[in-house]
Amino acid sequence: MAARQPFTDTDTADEAVRATCDDATTCKRFATSKSYWKDPYIQYFARSVGERKAPEINRGYYARVKGVNHLLDAFIRKAECDCQVINLGAGLDTTFWRLKDENLLPRKFFEVDFPTVVARKIHNIKTKPPLSKPLIETHSTDSLLLDAHSLDSDRYCIIGADLRDISSLDEKLKKFQLNSELPTLLLSECVLVYMTPSQSSNLVRWAAETFHTAMFINYEQVNMSDRFGHVMIENLQRRQCTLAGVEACQSLDSQKERFLKTGWEHADALDMMTVYSMLPQDDVARIERLEFLDEKELLQQLLQHYSICWASKDKLSLGLSQLAF
């Protein structure tokens, strides 16, 4: 019998990163329960609404969801749905189901995360008909390909993999019919920051080398060298969560550099305060009436420490460099 591997610091760090997936899901569940945005599927991943979240957290998640969706949907429309999406570190995200409801489903939607997270999500999909039905409806045969750490259908595929192991990631995606000729949108939300700068550079370089027409949307921390940034880092370290990639989060320029140095033609980045101010203002006014926010400065500080960076390369001349807010 093989000897059990000793438990390492990396295991502890990875476990802490996996826990952030639950944080995001419970925060989204709470915000949707307050009507910040609609998500009829999140309830199947987070059973209870949970404890109250501060209004600035709810508004922060609103900006994140609306900002990322704005770019994602714009890409899919540019490609007229003849494209694929790869959500890297997808967690318990519900985007596939939203896109199906909005008739914006790409040719195939891939999700990748740690095998333990994927196993949980597959269990939820299998046991909740509102999640499994859309997969079956968009599938051409009677059987779905399913094992402990992967589920594959015609339009949706979820794979357990470590994003730091590029050759294994590439092999698994190709096994499930990833098509490098199709326009491809890659998405990562608070994922690259948990990898070392060389690991995240390898991942974005792999994406640039694999797809000739692509866009990469990255949502994560920025402006992390000031006092507020240091407090965020300390709070996460207390939970054994180390931001291994924080040096790429120093500024909007450092966020863009990561892409421009690894084969992407074009990159843009905005902090979330700017994104928030560019979202449809009638809806922003609506959500600002939902809860009283005492400390406007706190919201501003929080949103100035997160950003969306998006990079593109466009051999098919779809006009990807024009996609913006």
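For the structure, check the block above.
A brief structural summary. (Residues numbered from 1 in each chain as written. Predicted model: local features only at pLDDT ≥ 70, side-chain atom pairs only at ≥ 80, totals over all residues. Heavy atoms only, no water.)

1. Some words on the overall build of the protein
A count of helical and extended segments in the protein gives 12 helices and 9 strands. On C-alpha atoms alone, the protein measures out to a radius of gyration of 19 Å, which is about the 20 Å that the 2.2 N^0.38 rule sets for 325 residues. Each of the three principal axes of the protein carries a C-alpha extent, and together these read 55 × 50 × 45 Å. Sequence separation of at least 24 residues holds for 78% of the intrachain contacts in the protein that already meet a minimum separation of 6. Per element, the accessible surface of the protein, about 15000 Å² overall, is 49% carbon and sulfur. Both charge centroids of the protein, one from 40 positive and one from 46 negative side chains, sit 4 Å from each other. (Helix = DSSP H or I, 4+ residues; strand = E, 2+ residues; numbered from the N terminus. Rg over C-alpha atoms; globule rule 2.2 N^0.38 Å. Contact = heavy atoms within 4.5 Å. Areas by Shrake-Rupley, 256 points an atom, 1.4 Å probe, with all protein chains shown as cover. Lys, Arg positive; Asp, Glu negative; His and termini not counted. Charge placed at Lys NZ, Arg CZ, Asp CG, Glu CD.)

2. Section: the environment of A148
Considering the arrangement of structural elements, one finds A148 in the loop between β3 (145-147) and β4 (150-152). Under the relative-accessibility criterion, A148 is labelled exposed at 52%. When the C-alpha positions of A148 and D294 are compared, they lie 47 Å apart, and in sequence the two are 146 residues distant. Non-local contacts of A148, meaning those with residues more than four positions away in its chain, are made with A119 and I122. (Buried < 20%, exposed > 50% of the residue type's maximum accessible area, 1.4 Å probe, protein only.)

3. Some details on the pattern of salt bridges
Using the criterion set out here, one finds 19 salt bridges in the structure. Close ionic contact of R239 with D23 constitutes a salt bridge, the shortest N to O distance being 2.4 Å. In this pair, R239 sits in the loop between α8 (227-238) and α9 (252-260) while D23 sits in helix α1 (residues 9-33), placing the two residues 216 residues apart along the sequence. Note on R239: relative accessible area 42%, which makes it partly exposed. With its nearest N and O atoms 2.9 Å apart, the salt bridge here joins R98 to E102. Judged by relative accessible area, which is 16%, R98 ranks as buried. (Salt bridge = Lys/Arg side-chain N within 4 Å of Asp/Glu carboxyl O.)

4. Digging into the pairing of strand β1 (residues 84-88)
Most of β1 is tucked away: 5 of the 5 residues are buried. In β1, alternate side chains face the same way, and those of Q84, I86 and L88 on one face and V85 and N87 on the other are all buried. By the bridge criterion, 5 bridges tie β1 to strand β2 (residues 108-113) in an arrangement that is parallel. When the bridges of β2 are listed, N87 appears paired with E111. One crossover worth recording links β1 to the parallel β2 by way of helix α3 (residues 95-101), and it is right-handed. In the sheet, β1 pairs with strand β6 (residues 184-189) via 5 bridges, with the strands oriented parallel. Counterpart to L88 in the pairing with β6 is S188. (Pairing = 2+ DSSP bridges. Right-handed = clockwise from strand over helix to strand, strands pointing away.)

5. Quick word on the nonpolar core
In this structure, W97, Y156 and I217 are the most contacted members of the largest nonpolar core, which totals 70 residues. By residue number, the principal contributor to this core is helix α2 (residues 55-78), which donates 9 residues. Not counting chain neighbours up to four residues away, the residues in contact with Y156 comprise F96, W97, K108, F109, E111, K121, I125, L135 and L151. With 31 residues, the next largest nonpolar core counts I166, F176, V204 and W264 among its residues. (Core = buried A, V, L, I, M, F, W, Y, C linked by side-chain atoms within 4.5 Å.)

6. So, helix α6 (residues 166-175)
The set of residues buried in α6 consists of I166, S168, L169, D170 and L173. Looking at the buried side of α6, the elements it contacts are β2, β5 (156-160) and α7 (197-210). Residue Q177 follows α6 closely and has a positive phi angle near 65°.

7. Side note on the packing of α6 against α7
For any two helices packed against each other, one specifies the crossing angle of their axes together with the interaxial distance. In the contact formed by α6 and α7, the axes pass within 11 Å of each other and the chain directions differ by 40°. When the axis of α6 is compared with that of α7, the two are oblique. Where α6 crosses over α7, the two elements pack in a sense that is right-handed. Between α6, through I166, L169, D170 and L173, and α7, the contact on the second element is made entirely by N202, L203, W206 and T210. (Axes fitted to C-alpha atoms, helices over the stretch in contact; angles between N-to-C directions. Parallel < 35°, antiparallel > 145°, perpendicular 65-115°, else oblique. Left-handed = near helix turned anticlockwise from the far one by under 90°.)

8. Structural notes on the packing of aromatic side chains
In the structure shown here, the tally under the stated rule is 12 aromatic pairs. Among the aromatic residues, ring-to-ring pairing joins Y41, F45, F96, W97, F109 and Y156 into one connected group. Taking NZ or CZ as reference, K121 lies 5.5 Å from the ring centre of F45, over its face. (Phe/Tyr/Trp six-rings, centres within 6.5 Å; stacked < 30°, edge-to-face > 60°. Lys NZ or Arg CZ within 6 Å of the ring centre and 35° of its normal.)

9. Some details on the sheet that holds β3
Strand order in this open sheet of 9 strands is β3-β4-β5-β2-β1-β6-β7-β9-β8, and the pairing throughout is mixed. In this open sheet, the two strands that pair with only one neighbour each are β3 and β8 (266-271). This sheet shows a mean twist of 15° between the axes of neighbouring strands, independent of strand direction. Looking at chain direction, β8 and strand β9 (residues 306-314) are connected through 6 bridges and run antiparallel. Bridge pairing links A269 to C309 in β9.

10. Remarks on the packing of α2 against helix α12 (residues 296-303)
In contact at an axis separation of 10 Å, α2 and α12 are set at 40° when each is read in the N-to-C sense. Accordingly, the angle class assigned to the pair α2 and α12 is oblique. Crossing of α2 against α12: the hand is right-handed. Facing E56, I57, R59, G60 and A63 of α2, the residues of α12 in contact are K296, L298, L299, L302 and L303. Looking at the contact of α2 with α12, its residues break down into 6 nonpolar, 1 polar and 3 charged. (Nonpolar A, V, L, I, M, F, W, Y, C, P; charged D, E, K, R; others polar.)

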